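# Structural features, examined
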Amino acid sequence: MLNSILLQAAGSAGAQGGASGWSSIIMIVALIAIFYFFMIRPQSKKQKEIKKFRDAMKKGDKVTTAGGIHGKIRDIKENVIILQIDDNVKITIDKAMVYPSASDAVESGADIKNNA
């Protein structure tokens, strides 16, 4: 799609003059830069923070799952976590579904509903 836009801009530049073609290319580059700095960069930064949290998890940490379950980590295996949610109640969940807080889970797209 970008190639066709650039080809159209280049084709119209020959008919309208060089200044119009360059201004179109500059606008396209500016839009791509704006898109990168306001959408792509913050999302990748957030993903890096969540990955760092998951790598640093240890027994005893309090976490929130993507489903909204709050608990304390009892054991960490390769890709799963055993989470204690109450006395004598333990569940096994995927490591990718754990967030440091409920707000991080919501921001990453998980569906969490408050039971207030």
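The structure reproduced in this document is the subject of the present report. (Residues numbered from 1 in each chain as written. Predicted model: local features only at pLDDT ≥ 70, side-chain atom pairs only at ≥ 80, totals over all residues. Heavy atoms only, no water.)

## Observations regarding the pairing of strand β3 (residues 80–86)
Pairing analysis gives 4 bridges linking strand β2 (residues 70–76) to β3, with the strands arranged antiparallel. Across the sheet, K72 pairs through a bridge with Q84, a residue of β3. In textbook terms, the turn of a hairpin is the stretch between consecutive antiparallel strands, and for β2 and β3 this stretch comprises 3 residues. Connecting β3 to the antiparallel partner strand β4 (residues 89–94) that follows it, the hairpin turn spans 2 residues, and N88 within it adopts a positive phi of roughly 60°. (Pairing = 2+ DSSP bridges. Helix = DSSP H or I, 4+ residues; strand = E, 2+ residues; numbered from the N terminus.)

## Focus on the nonpolar core
Formed by F53, M57, V63, I73, I81, L83, I93 and V98, the largest nonpolar core amounts to 8 residues. Apart from the residues within four sequence positions on either side, I73 is in contact with M57, K58, K59, G60, D61, V63, I81, I82 and L83. (Core = buried A, V, L, I, M, F, W, Y, C linked by side-chain atoms within 4.5 Å. Buried < 20%, exposed > 50% of the residue type's maximum accessible area, 1.4 Å probe, protein only. Contact = heavy atoms within 4.5 Å.)

## Brief notes about the sheet that holds strand β5 (residues 98–99)
If you trace the 5 strands from one edge of the open sheet to the other, you get β4-β3-β2-β1-β5, paired in antiparallel fashion. Among the strands making up the open sheet, the edge pair consists of β4 and β5. The sheet contact formed by strand β1 (residues 62–65) and β5 spans 2 bridges and is antiparallel. Residue pairing in the sheet places T65 in a bridge with V98 of β5.

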